[in-house]
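Secondary and tertiary structure notes
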Amino acid sequence: MSEKEGKKLVIVGGVAAGATAAARARRLDERASITIVERGRYVSFANCGLPYFISRDIAKRSSLILQTPEGFFSRYAVEVLLESEALSIDREGRTVRLRDSEGERDLPYDSLILAQGGSPIDPPIPGIAAQNVFNLWTIPDMDGIHHFVEEHHAKSALVIGGGFVGLEAAEAFLKRGLAVSIVELTDHLMPPADPEFGAMIRELFRKEGARVEVGRSVTEIVSGRARLDDGREVPADLVLVAAGVRPNLALARAAGLAVGPAGGLVVDEHLRTSDPRIWAAGDMIEVIHRVSGRSVRLPLAGPANRQGRIAATNALGGSMSYRGALGTTILKVLDGAFAMTGLSTASAREAGFDVRAATVHRAHHVTYFPGAEEVSLKLIYDGDSRRLLGAQAFGRAGVDKRIDVAATALAGELTIDDLSELDLAYAPPFGAANDPLNMAAFAAQNDLSGYSPALDAGTAWTRIAAGDAVALDVRTLGEHLAAPIPGTLHIPLDEVADRLDELSRDREIIVISEDGYAGHVALRRLAQSGFDQVEYVAGGVRSLALLPEFKFGEQE
Ligand SMILES: Cc1cc2nc3c(=O)[nH]c(=O)nc-3n(C[C@H](O)[C@H](O)[C@H](O)COP(=O)(O)OP(=O)(O)OC[C@H]3O[C@@H](n4cnc5c(N)ncnc54)[C@H](O)[C@@H]3O)c2cc1C
């Protein structure tokens with residue numbers, strides 16, 4: 001390579017990671033020759049925005065196309081080859097073989113970045129190849145769905161898969177006036193989340209009239225309907241398959257690049273593959289989870305963009321490290337939102353932590369200021385080190401703030417004690433003097449120290465149902481009568497101190513309140529009166545009601 005010519009950088013894949021890498025590369029090196037090879041018809045489009053065009057929240061299709069080949073060339077002098085597929089890599093000769101409308105040819109490189117993303121998985125369901133069955137992954141997919149709904153006057157949509165793409169699509173179909181069914185194979189919507197958050201999301205969809213089937217699969221798609229594994233049928237003028245994503249690894253595998261235990265391309269901290277001339281970024285790679293330290297695949301746009309930036313820097317001779325990802329995700333759910341960061345309870349257990357959790361249901365700002373909405377917030381932490389492991393939140397407002405603070409806390413490896421002292425922005429329209437994050441951290445501290453032991457709703461209900469403990473309902477009379485809980489002793493919080501003789505000191509007492517807080521207050525009252533086997537239900541009735549096995553009694 002002559003000094004004059006500059007480095008030849010080839011990037012395979014031109015959307016999130018690839019387009020970012022190209023723009024960054026040009027900012028770093030004016031002389032480099034930069035080429036994007038993209039097999040699709042579009043470069044740099046907003047795949048995250050696709051559901052919002054179907055819902056008509058985004059009216060202008062063109063606003064989803066962030067760059068064109070002409071735009072890339074005029075702004076960055078980057079050559080974009082559309083509808084060009086990279087077929088193979090000659091690592092010795094440093095060329096990529098391409099196929100486009102004119103045939104096949106070799107493109108030489110000095111540095112190569114793979115940013116090929118993933119492709120939707122289509123489960124082997126009879127009928128899945130029919131005309132009315134779609135994925136939602138590309139602009140042509142979106143166009144196909146949009147036109148199908150218009151032209152065929154579709155009245156019903158079946159969404160296979162209750163992860164974030166499926167749920168965003170389901171919401172879009174509801175907004176377009178279709179009758180929606182969502183079928184999810186695992187036992188709750190949004191499988192990476194804890195089950196109670198899946199239940200909260202399910203309730204919102206049910207309220208909007210969607211049919212939600214969890215723990216079920218689709219066994220056959222026939223014209224206008226689909227059959228479930230229990231033999232029932234659901235209407236399905238249109239079917240959307242959102243059953244997961246598989247990384248596009250054929251090219252890398254054929255070139256002999258190492259694939260890791262999580263099923264993604266292996267890269268080092270500089271995002272270099274097992275070939276020193278090839279870097280990779282985005283959905284196709286596996287990365288280190290910043291909490292568990294394990295190799296994982298976290299196919300999300302934020303990490304893909306940041307990795308693209310780092311890969312470009314290193315491919316042009318720089319040295320930037322990627323520290324790993326947290327899997328921070330947020331999802332608009334009808335008029336609510338769900339967000340999570342770090343490990344779920346299940347993934348934290350699997351990673352071997354001493355998993356504890358604190359749940360609170362608190363107003364997102366003080367209740368005396370108009371517009372307060374409840375945020376359900378769960379902090380998952382390690383009982384040994386007291387380190388925060390993950391957080392999940394659901395509500396109509398303030399969800400993003402809590403999860404972004406928790407994500408920052410995870411990046412800083414903060415403990416629940418650090419969280420209890422976080423000095424967060426407060427004025428009545430914005431928060432509370434003790435933010436829900438502070439409150440959840442207080443609950444965690446109180447539990448760990450034994451000052452106020454909490455039981456998660458599932459454990460508490462199992463013990464209560466088995467008759468292992470006395471269930472003490474301390475809600476107000478009105479709350480108790482409106483939603484009675486069978487098998488409980490009802491003593492409102494304000495009467496507990498005067499009615500201690502109704503309680504046995506020899507039996508375990510589990511205190512139930514509306515949202516958990518009054519349970520903690522009652523527990524402290526009992527503890528100071530000599531009761532030493534008392535716990536309260538974290539999140540109270542709000543959390544109990546989300547358990548599939550929980551049922552309220554008959555109203556009196
Ligand atoms: C509907 C939808 C909504 C989403 N919403 C969100 C969201 O709200 N938040 C979030 O964080 N993430 C979201 N995502 C995920 C996010 O879009 C991806 O994580 C991100 O796009 C990954 O970037 P990438 O560059 O790795 O892959 P992609 O953006 O998928 O780009 C890979 C490109 O490589 C091309 N390619 C593959 N193989 C070849 C080859 N051999 N030759 C040439 N080209 C090739 C493909 O055609 C593709 O265009 C969403 C995804 C979808 C589909």
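Please refer to the structure higher up on the page.
Residues numbered from 1 in each chain as written. Predicted model: local features only at pLDDT ≥ 70, side-chain atom pairs only at ≥ 80, totals over all residues. Heavy atoms only, no water.

Quick notes on the overall build of the protein
If you tally the helices and strands in the protein, you get 16 helices and 30 strands. For 556 residues, the compact-globule formula gives about 24 Å, and the C-alpha radius of gyration of the protein, at 27 Å, lands near that figure. Across its three principal axes, the protein shows a C-alpha extent of roughly 90 × 55 × 40 Å. Within the span of the protein, comprising 556 residues, buried residues form 53% of the whole. (Helix = DSSP H or I, 4+ residues; strand = E, 2+ residues; numbered from the N terminus. Rg over C-alpha atoms; globule rule 2.2 N^0.38 Å. Buried < 20%, exposed > 50% of the residue type's maximum accessible area, 1.4 Å probe, protein only.)

Some thoughts on the sheet that holds strand E30 (residues 534–537)
Taking strand neighbours across the sheet as the criterion, the five strands line up as E26-E30-E29-E27-E28 in an open arrangement whose pairing is parallel. Looking at the sheet topology across the chains shown, the edges are occupied by strand E26 (454–455) and strand E28 (488–490). Looking at chain direction, strand E27 (residues 470–473) and strand E29 (residues 509–512) are connected through four bridges and run parallel. Considered in E29, the bridge of Ala-471 is made with Ile-510. On the sheet, helix H15 (residues 517–527) packs against E27, E29 and E30 and is oriented at approximately 170° with respect to E30. (Pairing = 2+ DSSP bridges. Contact = heavy atoms within 4.5 Å. Axes fitted to C-alpha atoms, helices over the stretch in contact; angles between N-to-C directions.)

Topic: the site of the ligand
In the region of the ligand, 29 residues are neighbours, and Ala-17, Glu-38, Ala-86, Asp-283 and Ala-301 sit closest. Between a nitrogen atom of the ligand and a main-chain N or O atom of Arg-39, the distance comes to 3.1 Å. Backbone polar atom of Asp-283 to an oxygen atom of the ligand: 2.8 Å apart, as the coordinates give it. For the ligand, whose accessible area on its own is 990 Å², the fraction buried by protein is 91%. Sorting the residues of the shell around the ligand by element identifies helix H1 (16–28), strand E4 (85–90), helix H5 (164–175) and helix H8 (301–315) as the ones contributing at least two each. The element that contributes the greatest number of residues to the shell around the ligand is H5, accounting for three residues. Of the residues that constitute the shell around the ligand, the class distribution is 17 nonpolar, seven polar and five charged. (Near = heavy atom within 4 Å. Polar contact = N/O pair within 3.5 Å; in protein donor to acceptor, adjacent residues only side chain to side chain. Areas by Shrake-Rupley, 256 points an atom, 1.4 Å probe, with all protein chains shown as cover. Nonpolar A, V, L, I, M, F, W, Y, C, P; charged D, E, K, R; others polar.)

Some details on the packing of aromatic side chains
One pass over the structure, following the stated rule, counts five aromatic pairs. Centroid distance Phe-197 to Phe-338: 5.6 Å. Interplanar angle 45°. Geometry classified as tilted. Placement of the pair is Phe-197 in helix H6 (residues 195–207) and Phe-338 in strand E22 (residues 336–342), with a sequence separation of 141 residues. A residue is classified by how much of its surface remains accessible, and Phe-338, at 1% relative accessible area, is buried. Aromatic rings pair up to connect Trp-461, Phe-550 and Phe-552 into one cluster. Taking the ring centre of Phe-53 as reference, the NZ or CZ of Arg-56 above it sits at 4.6 Å. Lying over the aromatic face of Phe-531, Arg-505 brings its terminal NZ or CZ to 4.2 Å of the ring centre. (Phe/Tyr/Trp six-rings, centres within 6.5 Å; stacked < 30°, edge-to-face > 60°. Lys NZ or Arg CZ within 6 Å of the ring centre and 35° of its normal.)

Observations regarding the sheet that holds strand E21 (residues 329–333)
Strand order in the open sheet formed by five strands is E21-E22-E25-E24-E23, with antiparallel pairing between adjacent strands. What marks the edges here is a single partner per strand, and that holds for E21 and strand E23 (355–363). Across the sheet, the axes of successive neighbouring strands diverge by a mean angle of 10°, strand direction being ignored. Here nine bridges tie E23 to strand E24 (residues 374–382), and the two strands are oriented antiparallel to one another. Within E24, the residue paired with Val-360 across the bridge is Leu-377. Taken strand by strand, helix H10 (residues 399–411) contacts E21, E22, E24 and strand E25 (388–395), and its axis lies near 175° from that of E25. Contacting E23 and E24, helix H12 (residues 436–449) crosses the sheet at an angle of about 140° to E23.

Considering the pairing of strand E2 (residues 33–37)
Burial of E2 is extensive: four of the five residues sit out of reach of the surface. Of the strand pairs in this sheet, strand E1 (residues 8–12) and E2 are connected by five bridges, and their pairing is parallel. The residue bridging Ile-11 from the neighbouring strand is Ile-36, located in E2. In this view, the connection linking E1 to its parallel neighbour E2 by way of H1 has right-handed handedness. As judged from the four bridges shared by E2 and strand E3 (residues 78–81), these two strands associate in the parallel manner. From the neighbouring strand, Ile-36 faces E3, where its bridge partner is Val-80. (Right-handed = clockwise from strand over helix to strand, strands pointing away.)

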